[in-house]
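# Observations on the three-dimensional arrangement
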Amino acid sequence: SSGGPARGVGRSQHQENVEYLYASLKQVYKKAFLPLEEYYSFPDFFSPTMSDNDIDAKPFVLLLGQYSVGKTSFINHLLGDRPQGYPGSNVGPEPTTDRFMAIMHGKEDRVLPGNAVAVSPGKPFRGLQIFGNAFLQKFQCAEMRSDILESMTLIDTPGVLSGEKQRIGRNYDMSNVCKWFAERSDLILILFDAHKLDISDELKTVIEGLRGHDDKIRIVLNKADQVNPQQLMRVYGALMWSLGKVFKTPEVTRVYISSFWKREYAANGAQSQILFDREKDDLFRDLRDIPKNAAVRRVNELVKRARTAKVHSLVCACLRKMMPAMFGKDKKQKELLANLEIIFQAVAQEHGISPGDFPDAEIYREKLVRWTGTGRNLSALPKLNKDLVKRLDDCLANDIPALLRPLAMGNENGWERESTHMVQAFDQPAHSSAFDVSTQEESEDALAWASLARQAAGKSDEDGDVSWEGVKSYHRPARQP
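Residues numbered from 1 in each chain as written. Predicted model: local features only at pLDDT ≥ 70, side-chain atom pairs only at ≥ 80, totals over all residues. Heavy atoms only, no water.

Moving on, we come to the packing of helix α11 (residues 329-338) against helix α12 (residues 340-351). Running from N to C, α11 and α12 cross one another at 70°; their axes reach a closest spacing of 5 Å. Judged by the inter-axis angle, α11 sits roughly perpendicular to α12. Every residue of α12 that contacts α11 at Leu336, Leu337 and Ala338 is listed here: Leu340, Glu341 and Ile343. Partitioning the contact of α11 with α12 into residue classes produces five nonpolar, no polar and one charged. (Axes fitted to C-alpha atoms, helices over the stretch in contact; angles between N-to-C directions. Helix = DSSP H or I, 4+ residues; strand = E, 2+ residues; numbered from the N terminus. Parallel < 35°, antiparallel > 145°, perpendicular 65-115°, else oblique. Contact = heavy atoms within 4.5 Å. Nonpolar A, V, L, I, M, F, W, Y, C, P; charged D, E, K, R; others polar.)

Structure below.
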């Protein structure tokens, strides 16, 4: 037997709790998050502001992988193996899915074009408009009746290409689009074929763009019945070796080994039938847990967003104060951008923020260069608004824990476990570490820049451990009003 489809993956039993939490999160976001994001132009540097649909959208399950690894077949198997598949689906050995497909619940089978979906008030895809018409022409929404889709939305993606194909033909940024979906997904499944373990440059770029979402990622080794147990052991080892070079983390990513389609297991995999069935059950159990845990995960994503927004506001304020009042702005701006890592270090020391909360310095530098390329300079950044930062801090310290408390106390079906995990997430960095203070080279220039940044934040070096040696060679910026 090849096992059945995902039985029991259906409607959540906690609708009242979830609806209450989502309604409260919308109020919290508008009260504490949105004012700070708008004041510091957060969408210009990170992701667009969130709408109500973004907050209470059904959980996303994102499927990634190279072509012909079985992504579309996996989805059709999950949806009950309809002979015609989901609306608009194609299955074949060649690259058949040439667009992003959002598979959602609907009253009838239909396929909606991307431009219409992106402006639809009832769908959470408004943010995809930032990728332009070139991408939206390669995006569709398939609607169909399904118990599973009442609780989640599945995202099918084009097969990641290899060789020359990956450099031509795409007129949109595949990596950034996948990153957009990953930020909003509750589970990310990366599929591999037992006969196709190579990780192309484009797939490597896509996986690297998922950094910061490691807890959502699961690996699926599909078509495992095509090899015998001895070969499977070698395939598994080769896959883990390849993944280790891309993920660069000491933790082992969960790998599910099976064949996810309607067919009987092949003769090669007959001896591993019990293993395949158990692995399939484990993955379907993960999928069943998604609706139950989606609300708490949504809180987790909002907390990460809040920490990023706070860091962004403090860095902006520091950069503004370090700019001279009148002369030498262009020169100073170049020096600030070149020494952005030192600015991060100084802000982290000044405000007691974990280095892991800071964005990648190189990417942030590119965003600043793009922002200043429109005729503005860093002195046009907003000054520190302590009221907005305090409002956000109070929200993280009081409002959000208060929302989670009744869920942690009053439910026997898993809320307590997930809420405990959520509380622990408050103390974890929002990003992978952008810099390491312990390895920061204590050169005279680095110390001087750190001291100037601390001075801009209004704190003397007597309050910290940064030496003032080397400051004389730098222009001391005038304080901005």
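Moving on from the model shown.
Before going further, it helps to spend a moment on the sheet that holds strand β6 (residues 185-193). Spatial ordering of the open sheet is given by β3-β4-β2-β5-β1-β6-β7-β8, a layout of eight strands whose pairing is mixed. The open sheet has two edge strands with one neighbour each: β3 (110-113) and β8 (255-257). In this sheet, adjacent strand axes meet at a mean angle of 25° when their direction is disregarded. As paired elements, strand β7 (residues 217-222) and β8 share three bridges and run parallel to each other. Note on β8: the bridge partner recorded for Ile219 is Val255. Strands in contact with helix α9 (residues 229-247) are β6, β7 and β8; relative to β7, the strand with the most contacts, it is inclined by about 150°. (Pairing = 2+ DSSP bridges.)

Turning our attention to α12. Its 12 residues place the ends of α12 17 Å apart at the C-alpha level, agreeing with the 16 Å of an ideal helix rising 1.5 Å per residue. Of all the 12 residues making up α12, nine are buried; the element is thus mostly covered by neighbouring parts of the structure. Turning to α12, its buried residues are Leu340, Ile342, Ile343, Phe344, Gln345, Ala346, Val347, Ala348 and Glu350. Following α12 by one or two positions, Gly352 has its phi on the positive side, about 65°. (Expected span 1.5 Å × (residues − 1). Buried < 20%, exposed > 50% of the residue type's maximum accessible area, 1.4 Å probe, protein only.)

Three or four residues apart is the spacing at which side chains of an α-helix point the same way, because the helix has 3.6 residues per turn. When the terminal C-alpha atoms of α9 are compared, their 26 Å separation across 19 residues agrees well with the 27 Å that a helix rising 1.5 Å per residue should span. What α9 keeps buried is the set Leu232, Val235, Leu239, Ser242, Leu243, Val246 and Phe247. Each buried residue of α9 sits inside an arc of 120° when the element is viewed along its axis, so together they form one side. Along α9, exposed side chains directed more than 90 degrees from the buried face belong to Met233, Arg234 and Trp241. (Arc of directions from axis to C-beta.)

Next up on the list: the environment of Leu154. Mapping Leu154 onto the fold places it in strand β5 (residues 153-156). Setting aside residues no more than four positions away along its own chain, Leu154 makes contact with Val61, Ile75, Leu78, Leu79, Met101, Ala102, Ile103 and Leu149.

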